[in-house]
Every structure is written in structure tokens, then in C-alpha cells.
Amino acid sequence: MQQPSAAGGRAWGLHLAVLAIVVIAQAIGIIILPIGAAKVILLPMLYAFALAIVVNPNILRGTARIFTPRVQKLSGAMITIAITPFVAKFGTTVGPEIKEILAVGPALVLQELGHLGSILLAFPIAVYLLGMGRESIGAVYSIDREPNLALIAEKFGLNSPEGAGVMGVYATGTLIGTFIFAIVPPLINAMGIFDPRALAMACGVGSGSMLAACTGGLISAMPGHKDDIMALAGASNILTYATGLYFSLFVALPFTQWLYRRARPDDIQTAG
Amino acid sequence: MENLSAKTDDLILEMPEAGEGETGLIETGGLLLVAWVIGLISVWVGVGTSPLVALPGMIVFFLCSVAGLLLARFVPVSIPAVGWVSLIAILITVPGVPGADWVVEVCKKVDFLSLATPALAYGGLALTGTEFAIARRSGWKIVVVAICVMLGTYVGSVIIANLTIGLG
């Protein structure tokens, strides 16, 4: 294995670029746009992600000299490292609220079943409305983050139709997931029919950045609920880490395959 | 089932995001320190918390991160580093644990959203041509489906949580 530090000065270019992006994004701060009774909430992490995409060498060709493939790989490794202080901060909000969390324990566990909501909403749209084939199995069976991607890769291979579906939703989720999870929950909250604790628990269904965006949006909309929003969202996300893969493997994927066989009995390839 | 297991032969599992475990221990520590300093500055610029005020809490987060990264490397259980980090952070703040009150007090002074910003910046810079190509090749249909997947999962969880929150 080559020493990543062989990228030398370029690695510092990466960290300095990130620092500059972070300073700009943080200086702009949270922007709240009232739309009627609802609020659209724009978070600094969204500007940081958008700015970074703009200077990404695949978008702005001129930066390819600084962000070489090796530096980009380092940047990928930095995501997991840079997120750990945030995860630690999140954990320290869960501990003090442990009693309140245990009090809503059944709801916290049962809302993991909400992952089936993806299938209920997206399967009919993919199969009946958009006429998609077996790629819809990989696309809709889960929220398609890393563990779910690995599961499809192992069962079907990523160059199968199912693999194309999971990769498509994975890539789209990576590109726009943070935006969706920052903007949608406050809008649902504005409907005024759901308990803030339920909105918070559901923040844990996806990746770390979806969690951050979702809690950030909700807290900006309901500052008074800050402590319980963070604690419940954090607890739910940990639960998703623990149970998500098993739920996908034993419930969600077989259920999606069963639905697909019903919908397209002629497509015998899905006999699994 | 046969044709499925045959398909695993052409398995190409190159995860788009590189995880920990690729870099050496000291190097990972150095990278964590870089990210930590950027985090400290992010908190300062974002919400005006002076680094001196944020420092005790930030040191707690740093120690949790180091412990989590070490445990993920050396404990032969497949829990990712972030799982260990949250576990440790929860344990040291449960009421009754020695020092928990002090830890909670100093950690409260650090804004959480500001700590997510650096990771998203690295994320945006890490996106490869492959990821853009997949999103483009999959076309508008997959974008529609992806939005439905995210909405369906979130709203599904909200509805079940809302119905069952009175239980227990």
C-alpha cells in the first residue's frame, strides 16, 4: 500500500479547501425561509456540500491538479474520521435522556418498520407508473445506504439490474439526500398532526448526514424541543445501525421480491 | 436460488466511500486532529463560541473519537467506528456515571450542527466521476424513485412512531 502522505502538499490543499468551504458555509449560517405557515430551512452543511461539489474536479475541471484521484480517496476516508466528533456530540445528548428514551422504547423499536414505507410508496411508482424492471427491486427495498448496497452486491452483483437500481438510488441519495432530509421534515411538522418526538425518531432512518440535516431542520423549526429531538434521533440512528441490515435481509428484500413476482410474473429471473 | 448464487461471481464490491482501516493508526490520529481543528473553527465561525469555551467539550469528543477508532480496529466484532463512538459517548453521560454531569455540561457548549459541516465538505470533494456518471446514466426515473424512497422511509417511520409513542 502506498503512503497517502505521498500526496504530500496536495493533501494539505484538500484540508485547506475544506477549511475555506467550512468557514464560508458557517459564516452564512442558517437561513429560514417562511412559506406560509411552513418554513424551508437551509443549513450550513448544505452550502458546504454544494460548494464542495462545485469545486469537485469532476465538475470544475481546473481543480483536478489539486484534487487528484488519490486526494479524493483521502477525502472519502476523511468523511468517516471527520464525522466522529459529531457522532460523539450526538451520543452525549442521548445519555442524559436515557430514561425518556426507554419510556418511548416500543415506539423507537417499532418505527424501524417504517422502512417498509419506502416499498409502499416507491414500488408502485417504479413498477406501474415508470415501468421499471428488476432494477426497481434494488431501488425501493431500502433507503439504499452503504449496508444495503453491500447486501445487493452480495446477492445479485452490482452489475445486475437489481445492482443498477440500488446504485442509482445510492448515488442520487448521496447527491440530494441531505437536502431532502433538511427541507422535508420541517414541512411535515408544519402540518401540525405529528408528535415532535415521532418526527425526531424518524430522523435516524438513513445516513449520518441525513440524520444531521433532519435534526438540524427540526431543531431550527422547534428550538424548544432541542434536547429530546437530538436524543431520540440519535437513539433511532444507532438502532438503525444495529437492526437495519437484518431487517433488509430477512424482511424488506424478500417482501420486495415477492411483490415483484406478483407484479411481473413473466419476469422469471426474479425466482430467488 | 441457483442463478442468484451464480451471480455473486461477478460481484464487484468497491464501496464508493473509503472507510477507516486503510490508513495507519498514527496517520488516522493525525487526520482526526486536522478534522477536529477544522471543527473547532467551524463552531467558532458558525455560532461564535470562542475556542476556549468549546475546548473542554471538544476534548471529550476527541477522546471518544480516538477510543472509538481504536475499538473498531482491535475488537473483533463488526461494529463500525461511529457505533463505538456513540456507545462510549452515551455511557459517559448516563446519569449516575462518575463525572457525567461535568461532561454533559461542557459538551452542551458545543454546537452540534457546526460539527457536521466539515464532513459534508469532505463528502462533496470525495464524489468520484463514477457517482456522477451513475446518477446521470440512471436518468430522471431513478431520481423520482430515490425521492419516493426517502420520503416513504421517513414518513413511514413518522407514522408508526406517532401511533406507538403512547405504548410502554
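What counts and what doesn't
- Residues numbered from 1 in each chain as written.
- Chains lettered and ligands numbered in written order.
- Predicted model: local features only at pLDDT ≥ 70, side-chain atom pairs only at ≥ 80, totals over all residues.
- Heavy atoms only, no water.
- Helix = DSSP H or I, 4+ residues; strand = E, 2+ residues; numbered from the N terminus.
- Contact = heavy atoms within 4.5 Å.
- Areas by Shrake-Rupley, 256 points an atom, 1.4 Å probe, with all protein chains shown as cover.
- Lys, Arg positive; Asp, Glu negative; His and termini not counted.
- Charge placed at Lys NZ, Arg CZ, Asp CG, Glu CD.
- Domains from an automatic or database assignment.
- Buried area = accessible area lost by both parts, 1.4 Å probe.
- Salt bridge = Lys/Arg side-chain N within 4 Å of Asp/Glu carboxyl O.
- Polar contact = N/O pair within 3.5 Å; in protein donor to acceptor, adjacent residues only side chain to side chain.
- Nonpolar A, V, L, I, M, F, W, Y, C, P; charged D, E, K, R; others polar.
- Axes fitted to C-alpha atoms, helices over the stretch in contact; angles between N-to-C directions.
- Parallel < 35°, antiparallel > 145°, perpendicular 65-115°, else oblique.
- Left-handed = near helix turned anticlockwise from the far one by under 90°.
- Core = buried A, V, L, I, M, F, W, Y, C linked by side-chain atoms within 4.5 Å.
- Buried < 20%, exposed > 50% of the residue type's maximum accessible area, 1.4 Å probe, protein only.
- pLDDT = per-residue confidence, 0-100.

A. Focus on the overall build of chain A. For chain A, the helix and strand inventory stands at 12 helices and two strands. Put simply, chain A runs from its N terminus to its C terminus through helices and strands in the order α-β-β-α-α-α-α-α-α-α-α-α-α-α. Judged by the C-alpha coordinates and their principal axes, chain A covers about 55 × 45 × 40 Å. Residue pairs at least 24 apart in sequence account for 70% of intrachain contacts in chain A once pairs closer than 6 positions are excluded. If you sum the accessible surface of chain A, you get close to 10,400 Å²; carbon and sulfur atoms cover 68% of it. Counting 16 positive and 13 negative side-chain charges, chain A places the centres of these two groups 10 Å from one another.

B. The domain arrangement of chain B, seen in detail. Annotation of chain B at the domain level lists domain 1 (21-126) and domain 2 (134-168). Between domain 1 of chain B and domain 2 of chain B, the C-alpha centre-to-centre distance is 29 Å.

C. How the structure looks around the interface of chain A and chain B. Between chain A and chain B, the contact holds 130 residues from the first and 94 residues from the second. In terms of surface lost to chain B, no three residues of chain A exceed Gln26, Ile81 and Lys89 of chain A, which account for 7% of the buried area on that side. Scanning the region where chain A abuts chain B turns up zero salt bridges. Viewed at the interface, chain B and chain A are joined by 18 residue pairs in polar contact (both at pLDDT 80 or more). By residue class, the composition of the side of chain A that touches chain B is 85 nonpolar, 36 polar and nine charged.

D. Structural context of the packing of helix 9 (residues 161-190) of chain A against helix 7 (residues 129-164) of chain B. Here helix 9 of chain A crosses helix 7 of chain B at 45°, and the two axes come no closer than 6 Å. Looking at the two axes, helix 9 of chain A sits oblique to helix 7 of chain B. For helix 9 of chain A against helix 7 of chain B, the interelement crossing comes out right-handed. Here the contact of helix 9 of chain A with helix 7 of chain B is composed, by residue class, of 24 nonpolar, six polar and one charged.

E. Quick peek at the nonpolar core. Met45, Phe86 and Phe181 of chain A together with Tyr122, Val145 and Tyr154 of chain B are the most contacted members of the largest nonpolar core, which totals 140 residues. Phe181 of chain A has contacts with Ile143, Val205, Met210, Ala213 and Cys214 of chain A together with Met150 and Tyr154 of chain B, leaving out every residue within four places of it along the chain.

F. A look at the side chain of Ser142 of chain A. Along the chain, the position of Ser142 of chain A falls in the loop between helix 7 (135-140) and helix 8 (146-156). Discounting chain neighbours no more than four positions away, the residues touching Ser142 of chain A are Ser118, Asn148 and Ser248 of chain A together with Val149 of chain B.

G. Representation of the confidence of the model for chain A. On average, residues of chain A score 89 in pLDDT, and 95% of them are at 70 or above. Low pLDDT, under 50, characterises residues 1-7 of chain A; the predicted model gives this stretch 11 contacts beyond four residues in sequence or across chains.

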